[in-house]
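# What the coordinates show
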Amino acid sequence: MQVLQVQLEIRPDPAEVGRARRWARSRLTGSGIEADEPLAETLILLVSELVTNAVVHTGCPAVLRLCLPGGAGAATVRLEVADTSARPPIPRHAEGDETNGRGLELVDGLADRWGWSPEGAGKRIWCEVDRCATGASARTVYPGYEGFAYEAV
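Residues numbered from 1 in each chain as written. Predicted model: local features only at pLDDT ≥ 70, side-chain atom pairs only at ≥ 80, totals over all residues. Heavy atoms only, no water.

## Structural notes on the side chain of D83
Secondary-structure assignment places D83 in strand 3 (residues 76-83). Among the polar contacts listed, one links the side chain of D83 to the backbone nitrogen of S85, at a separation of 2.9 Å. Of the polar contacts made by the side chain of D83, one reaches the side chain of K123; its length is 2.9 Å. Excluding residues that lie within four positions of it along the chain, D83 makes contacts with A54, T58, P61, A62, G122 and K123. (Helix = DSSP H or I, 4+ residues; strand = E, 2+ residues; numbered from the N terminus. Polar contact = N/O pair within 3.5 Å; in protein donor to acceptor, adjacent residues only side chain to side chain. Contact = heavy atoms within 4.5 Å.)

Below, the structure is given as C-alpha cells:
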C-alpha cells in the first residue's frame, strides 16, 4: 500500500490552529478522504486538539505530520505533532464548566490508538484512526509507540 506523508511547520501562535485545520482538510481531500466523510471531521478535530496542545502548553514551534493511505479501502491515517518541549503530555479530566483539560480525553475517545514518545530534545504525540473502524472496542492506547518511520515530503 502506498502512503503519502506530508508536514506543516507550526509557529507558537494560537492562530496557527486554524491554519493547521485548513491545511489538513486540503490534504485529506487530496488523498481521497472527502470533507463530508465522518473520518475527515474526526481527523480535523484531532488535528485541532493536538496542535492546540502544542502551541498553548509548550509555547514552542511544532511540526504537524499526516500519514495518509493511498487508494480506497481499509487503511489507517496517522497524525503526529512534534514539538521541542520535553514536558510530557498530561491527560486531565475537566470538571463541570472548566474550559480546559478535555483535549487528550477527546483524542483518547476519537482515535483508535494514540501515544507519545521523546523525540530529540522534545516529544512526538501521535494518533491513528482506522478508516474502517467499527467503534470503541477497536481502540487501544500504545504509549511510547516507537515503530513508525517517517520522512518529510
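## Brief notes about the pattern of salt bridges
If the charged atoms of two oppositely charged side chains come close together, the side chains can form a pair. On inspection of all chains with the given rule, the structure shows 13 salt bridges. When the shortest N-O distance is used, the salt bridge between D83 and K123 registers 2.9 Å. One end of the pair, D83, is in strand 3; the other, K123, is in strand 5 (residues 122-130), with 40 residues separating them in the sequence. The exposure class of D83 is buried, given its relative accessible area of 7%. Of the charged contacts, one joins E128 and R113 as a salt bridge, the two residues approaching to 2.6 Å between their closest N and O atoms. Pair noted here: E128 is in strand 5 and R113 is in strand 4 (residues 113-119), with a separation of 15 residues, a long-range link. Look at E128 and you get buried, because its relative accessible area is 11%. For R113, a relative accessible area of 14% corresponds to the buried category. Members of the salt-bridge network, linked through shared partners, are R65, R78, E80, R113, E119, R124, E128 and D130. (Salt bridge = Lys/Arg side-chain N within 4 Å of Asp/Glu carboxyl O. Buried < 20%, exposed > 50% of the residue type's maximum accessible area, 1.4 Å probe, protein only.)

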